[in-house]
Every structure is written in structure tokens, then in C-alpha cells.
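Single-letter residue listing:
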Amino acid sequence: MNESRSSLYSLLTGLAGGAAAWAGIEIILWQAPAFPDVRVLTLSLGATAGLLLGAVAPMAEGLRQNQPRKIISGIIVGSLTGVLFGALGMAAGQLILSLMAGTAAISEAAFARIPGWIILGTAVGGASGLRSRSLRRIVAGATGGFIGGLIGGAAAELLTGMTSGIYGRASGMLLWGTAVAFLADRMESRRARGRLTVLTGPLKGRSFPVNQKNFTIARSGSADLTLLGDPGAAATTEAAATGAAAQVHLKKGTVVLEPSENVKVEINGEKAEATELRYDDVIKVDGVTLIYEAKR
Amino acid sequence: MKRLISFIPVLFMLFTGGFLGADDIALSGVDSRLMAVTGTVNLYAVVTDSSGQPVKNLTAEDFMVRDAPMGEALGDPQPVVNFSVAGERRDGLVFMMLIDDSGSMYDGPDGRSSPSPDRTRAALARREARRFLDELGTSMDRAGLALFGTRYRILAGPRTDRATLIERLGVSSPPESEEAYTELYAAIVEAASSMSSQKGRRIVILFSDGENYPYTEHTGRSHPDYREKNHIPDDALKALHEEGVTLYAVRFGSNRDDDLARIAMSTGGVVFDVDGEEELSGLYSSIRKRVLAEYRLGYRPGPTGAEETSVMVELKGGQSTIELTYPSGFVFGLPSSRTQALLSLLAIPFALALIFILARIRIAKSADAPSLERLRPVGGGQLTVVLETGKTVISPGVAGEPTLISSEGKKAGDGKAGSSSTIVVEKGKDGRWRASSGEGVVVNNRKSDATVLENGDVIRAGEELIVFDDGES
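What you are looking at is a predicted structure, and each value in this text was computed from that prediction instead of being measured. (Residues numbered from 1 in each chain as written. Chains lettered and ligands numbered in written order. Predicted model: local features only at pLDDT ≥ 70, side-chain atom pairs only at ≥ 80, totals over all residues.)

Some words on the overall build of chain A
Piece 1. When its secondary structure is counted, chain A shows eight helices and eleven strands.
Piece 2. Split into buried and exposed, the 296 residues of chain A put 65% on the buried side. (Helix = DSSP H or I, 4+ residues; strand = E, 2+ residues; numbered from the N terminus. Buried ≥ 20, exposed ≤ 12 C-beta atoms within 10 Å, placed from the backbone.)

Comments concerning the sheet that holds strand S7 (residues 265-267) of chain A
Residue and element names in this part refer to chain A.
Piece 1. Across the sheet, which stays open at both edges, the six strands sit in the order S2-S1-S11-S10-S7-S8 with antiparallel pairing between neighbours. Of all the strands in the sheet, just strand S2 (207-210) and strand S8 (270-271) have a single pairing partner and so form its edges.
Piece 2. Of the strand pairs in this sheet, strand S10 (residues 281-285) and strand S11 (residues 288-294) are connected by five bridges, and their pairing is antiparallel. Counterpart to Val 285 in the pairing with S11 is Val 288. (Pairing = 2+ DSSP bridges.)

Description of the sheet that holds strand S12 (residues 295-299) of chain B
Residue and element names in this part refer to chain B.
Piece 1. One open sheet holds the four strands; their spatial order is S2-S3-S12-S5, and the pairing between them is antiparallel. Two strands in the sheet have a free side with no partner beyond their single neighbour: strand S2 (24-31) and strand S5 (82-85). In this sheet, adjacent strand axes meet at a mean angle of 25° when their direction is disregarded. (Axes fitted to C-alpha atoms, helices over the stretch in contact; angles between N-to-C directions.)

A short note on the interface of chain B and chain A
Piece 1. Facing 53 residues of chain B, the contacting portion of chain A comprises 65 residues.
Piece 2. Taken together, the elements giving at least two residues each to the side of chain B that touches chain A come down to helix H1 (35-38), helix H6 (233-243), helix H10 (338-344), helix H11 (347-360) and strand S23 (464-469) of chain B.
Piece 3. Considering each element in turn, the side of chain B that touches chain A owes the most residues, eight residues, to H11 of chain B.
Piece 4. Here the side of chain B that touches chain A is composed, by residue class, of 27 nonpolar, 18 polar and eight charged. (Contact = placed C-beta atoms within 7 Å. Nonpolar A, V, L, I, M, F, W, Y, C, P; charged D, E, K, R; others polar.)

Notes on unusual backbone geometry
With the exception of glycine, most residues fall at negative phi, and the peptide bonds are largely trans.
All names here are of chain B.
Piece 1. Phi angles above zero are rare outside glycine, and Arg 227 is one such case at about 55°.
Piece 2. Mapped onto the fold, Arg 227 is located in the loop between helix H5 (215-219) and H6.
Piece 3. Despite not being glycine, Asn 445 shows a phi value in the positive range, around 65°.
Piece 4. Here Asn 445 is to be found in the loop between strand S20 (433-443) and strand S21 (446-452).

Thoughts on the nonpolar core
Piece 1. By size, the foremost hydrophobic cluster in this structure holds 95 residues, and its most contacted members are Leu 43 and Ala 45 of chain B.
Piece 2. If you tally residues by element for this core, the top one is helix H1 (residues 3-30) of chain A, at 13 residues.
Piece 3. When neighbours within four sequence positions are excluded, Ala 45 of chain B is seen to be in contact with Ile 25, Ala 26, Leu 27, Ser 28, Glu 294, Tyr 295, Leu 297 and Val 313 of chain B.
Piece 4. If you look at the next biggest cluster of nonpolar residues, it comprises 63 residues, including Ala 143, Leu 184, Met 195 and Val 274 of chain B. (Core = buried A, V, L, I, M, F, W, Y, C linked by C-beta atoms within 7 Å.)

Brief notes about the packing of H6 of chain B against helix H7 (residues 258-266) of chain B
All names here are of chain B.
Piece 1. For the pair H6 and H7, the least separation of the axes is 10 Å and the interaxial angle reads 15°. If you check the angle between H6 and H7, you find them roughly parallel. Handedness of the H6/H7 crossing: right-handed. Of H7, the residues touching H6 (which contributes Pro 233, Ala 236 and Leu 237) are Asp 259, Arg 262, Ile 263 and Ser 266. (Parallel < 35°, antiparallel > 145°, perpendicular 65-115°, else oblique. Left-handed = near helix turned anticlockwise from the far one by under 90°.)

Comments concerning helix H4 (residues 184-194) of chain B
All names here are of chain B.
Piece 1. Counted residue by residue, H4 has ten buried out of eleven residues, so it is predominantly covered.
Piece 2. All of the buried residues along H4 are Leu 184, Tyr 185, Ala 186, Ala 187, Ile 188, Val 189, Glu 190, Ala 191, Ala 192 and Ser 194.
Piece 3. On its buried face, H4 sits against strand S6 (93-100), strand S7 (142-148), strand S8 (152-159), strand S9 (201-208), H6 and strand S10 (246-252).

Details of the confidence of the model for chain A
Do not read the predicted coordinates in detail wherever pLDDT is low.
All names here are of chain A.
Piece 1. Put simply, chain A has an average pLDDT of 81, and 85% of its residues get 70 or more.
Piece 2. Per-element averaging of pLDDT across chain A places helix H8 (residues 238-242) at the bottom with 50 and S10 at the top with 91.
Piece 3. The low-confidence segment residues 103-107, where pLDDT is below 50, has eight contacts with residues more than four positions distant or belonging to other chains.
Piece 4. In this model residues 233-240 is a low-confidence stretch, pLDDT under 50, and it forms 19 contacts with partners more than four residues away in sequence or in other chains. (pLDDT = per-residue confidence, 0-100.)

Shown next as C-alpha cells:
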């Protein structure tokens, strides 16, 4: 799968997440007077936006790999991190709005809202990396979320000024969700040292950026790259079926593939042990062929 | 941020030569900066008795707060949840003394020219400023100092170091004619902006003996700092509002700027009209006392979501009130109506539909028959070619041209099919597919004359990679 087709997943899950978040936000804003004070409302708005975008956007990874288990884990982890960071991000955004609105003319107050969108976007974007417990992915996701939040927030404010509130907010939330998910994904991809593209089996054509310190290749649905398809006569072992078939580590500027014990892994047709990957290396692991494309 | 936006002037005290006013409560500021964190908005109010003297010893129970989205009727009384007196606060006050240094300030108090240097209005203003600095003593209050005429000159930013301030007050001397104009509103803008980094309750004390008399308007020339910009009263008001600064103004003599009173009162401040030295004496200190007598009243507003909320404080017993507004909007904007909220629910099936579509997408499908697929195609050409019984020829592209894959016998581009760089793929008698080339073929980065292909093997053809799919796996 080339990158543009791969991005389709993050684009559409972001759009879906933005749409869901918009619905949640509208319901809460409808019930705003019922909230005891601004703090509770602020936290609720942030938690809801974070929950819904956080739950839906990370589904992209599981959907790309056609892995229900990964979809579910994406929803669970994304929801939890989204709630937490969405609430915190929103509180920070609201605080900045209060500070800026107090120092900005009314006509400029709309722009005082944009930091709120940015912080929320950064929080949700970074949360996608939190799932993998990878600092690189957190930073990349947060950077993408920051840019997405800026774009979405600016669009929301611009459109709100041009149309009635609900259309501006709706289009802003859709654009915000799309931009945050897409750009977080793109940033993760840009910061990757390289990518592994599957050449055989059901996942043929799909690419996986190697963007975290430890990248797991396994038959397990929780792996970073889940091996699908019949392993055939390849050395499928108990270890390969239940644990990691191989790990890819980022070590001091190099990318090293380390096969698990008792798992046959070939690189360019030769049995591999811990090996530094080079451009266009062809890897066969547990019956599935991958090609490694280093970032040039 | 203290925002002082709307005001009911009839209720406010206007001073002529001192505090004159009725027993009253006056809101002088609103601070909603930390509403998102604390949930409260702080209001600053001064209560004065019938003689205009601040009323002390009031308690939170003596006050009630009402608020509503701006433009709507005020709601029910709300309790004060935080209460303190400014004089008891530890963060101190921040003053900026802004002194007119235009040409007329070097006249005598009565407006006559050529008085002795220590009898000019400028000298009186400095004397009062020095007295004020002396009275600040060792308090935590910070004071700054700026002069203005044609241009704005900051002598010292707000600080607790009184000696430096007194030193910088220095001795005044009449300005050159080019510096003798009165950029009154521009100076207020500058003074307010210069306090933006200061924390705490911020006050500008302005001393001026005349009206706004801008340079560009009266000379027809470009101002050295403001170019063609002609500051108007609303510029000054906007800057004070933006920074949450209260303006107290001293209008000395008979030539008074009419808009100054409106500006000062709209920020919760007061204008003093002073004709002589005696009236001026101790005036700055009385301003400080007034600010120190402010009550800080914290209340917890409901989340209306309105862009701005109007708020009013009452003393129990029904005294008169002043209404101010503060920003209260949400990051996500105005609250929804029921219709909007229900309409937004349509987004849920939309989101589910998108996810369903994604779940059904199959990006790439393994071929049903053996095939060759160009992995990173350069230029155009066919991407996937099904292998036929006979030979299939791969002709690597050169100089950015696409690699061509075709069955033997068909033209494979520029007659290169038979060249030594072409790669031939064919099925052997054992049923296995082989790749070979006269120059040797590189499969999975290993070069050989001929290689038996397995599913997923990668053949290098010039700049391109060709993936073999056995059509079975």
C-alpha cells in the first residue's frame, strides 16, 4: 500500500472521529446550563472530544491491518488517553482563552479560541503515540495534532464567523478531527526511520512505519505488525505463534532486526540473526515476505 | 483579566477637587482570567459612604452578585464565595504615573507663562509624584514613571525601588517645539501596554493640563513614532480594557479633555479636576487608598457559554449598583439549541458508515495466477503482469523510463527485449518459476545467473523492483 492509500485510513477515521466528537460536543453544549460550573463543563467538553476522537482515530491502525483485536485495543487505549488528555487539554485551552480574551479586543477574541483547539489536538495526537509507549510516536503524534489543531481551530473560527455557530463548529470539528488524525499519522510516518511493506499474504501491499524504539512483528493481534496468512512450510514454531517472531530496534541511528529464538527469519535469502537492516532488504519471517525501505 | 467594558455612569462618583459622591458601591474591575481553573470570577468593588469615604469592615455576607449573558436581565442573587480586602493582599498594587510633559505644562498653575522653574505645572506634577513615592515606603506596591508630549518616554518601568524612580523624575525642562504636542490618547495606549507583563491590580495615574493635541493633525507631518495614526479616545479605552488597567486621571487647570472622564470611568477609575497645588496635594495617595479599600469578591458563575457576561454587585439593603462585563465564552463557542443538538446526532451514523467502509476496503489482493508486480514503478506502464506459459521478459527502464514487462514475442520497448540486461521469467519443467539474465539477475539483493522464484521474491530491474506472486499463497 503506498503512503497516500495508507493515509486514507487516518483521513477517514479522523473524519469519523471529528464527526462523533462534534455530536458529543453539541449534546454537552446543549446541556451546558445544567453543569454546576465552568470547570466541570470545560473538563466534560474536553473529555468528550478526546474520548470520541481518541476512540475512533486510532482504529486506523487496526483497520489497516484488518485486525479486530487491534481495533478494540485502539478504541480502549485511545478512549482512556483521549478522555484524560482531552480534559487536560481543554482546561488549558479554556484557561488560555480566558487569559487572551481578557487582553484581546472582542473582534480578536475568536482567535483566542484557537490555542484551545491546538492544545486539544496536541493532546489527542500525542495520545495515539502513548498507546505504543513510544516517545518518538508521542512527539510525532503531538506535533501532527498541534498542526491539525491549528488548522482545524482556525477553520472553525473562520467558518463560525462566516456562518452560524453550528455550521462553523460542525465543519471545524470535522476538519479538526481529520487534520489531527491525518497529520499525527503523517508525522509519525515522517519521523520513521523506514518502513516495512508486506509483499505476501492478506496484508500484501500494506506499509508500516518503523517509528518506535521497539517494533514487534508477530502473529499476535497486539503486535505492531501482525503476520497474517498461511505460514506454509516456513518455520512456524510455538514461539512464533504465541510471541514475537522478530523485533525491530532503533539503535543509535541504525535499525536492527532481531529474530526471536526458534523462529526462522531470512534476510535476502539468508538465515538472519540480529542484523542491521539496509535499504530494500527483503525479509521473510514466519512465511510472510516484507521489504524494508529505509528513509533516505 | 480585569475587563471594564460597560458602565452606568450616572451611578458613579465624579470628583471635582476631591471625592464627592453618595453612599454607594462601585465595581471597579472584573477578573475572569482563572475562571477555567478556579471556577470563580473576582470582582473588585469600592463602597463609599455619603461623604465619599471608603466603607470598611464589610463582610462577604454584605454583598450579593447577579449576572446574566450580556443583554439579558440579571438573574438571581449569588453568594460571594471568596472575599478579601485589597489592602490585605500580598501581591501589591502596580501604578504607572503618566505625566504630561507638553509645552503648556511649563506654565504656572494659573496658566500664566514664565513662572519660576519650581512653580510650573510640570514641577507640581513631579512633586506630587515624589510625595507619592515617599508614601509608598516599603510596601509591595510597584510604581513606574512615564512622560509624554509629542512622544511617549518611559523613565522607569514598575518597580519597588523608590530611589531610582525619584532619581529619574529629575528636573524638568521645557520641550522643544517639536516635542511640545499632547498625544494624550496615544500615551494612555502606551502606558497600558507597558503594564501588560505586570501581575496584580494595575492602575495608571495620569496628570495632564490639557486636551489631546496630536502632532500629525496640527503639523500635517508624519509622527516620528505613530506615522499617520491619529489616536482617538476609543483607542485609549480599548488598550485599557485589553490590559485590564484602571485609569485615574488628574485634569489640571481649566483646559480639560472631555473624553478623559468617560475613559476613566469606563475603566472603573475616577477623574479629578484640580485647579491649584493645594487640591493636588496628597491626591495620588488618596487614589491608592481608594484602591486599597477595594473589596475582592469571588463568585462562581454558571456556565452560560455567552461570549460576555454582565455582572453586578449589590450591597444588602438595596444600594445602587454598577454593571460590568467580562468575557465568558467557551473554546467551542456558544451553547447549542435542542434542534442543533439533535441534528448533530446524524454525525454518529455518518461516522459508523465511514468506519464500515474502511473495514471493507481491500487495498491489494493477491493474484489468482502467477504474476509480476512493479513495486516502485517509475513512470507509466502496466503495474501487474500475469505470467503466461512461455517466457516473460522484463526490460529495465533506463534514464527514468518505466520498466516494461511482456511476454516473449511481444515488443518490449525500443527493441531491448533481447539485450543482455533483460530478465526472463519462465516456468520450468518441474513447475517452478525461474528468473534469469545474461548479465545475471538480482533477486532478494543476491545476484546469480538464474534463480528459482518463491512467492514474494523481489527482482531488481534497473531502478525498479518487481515482486513475484506465485498466485497460490
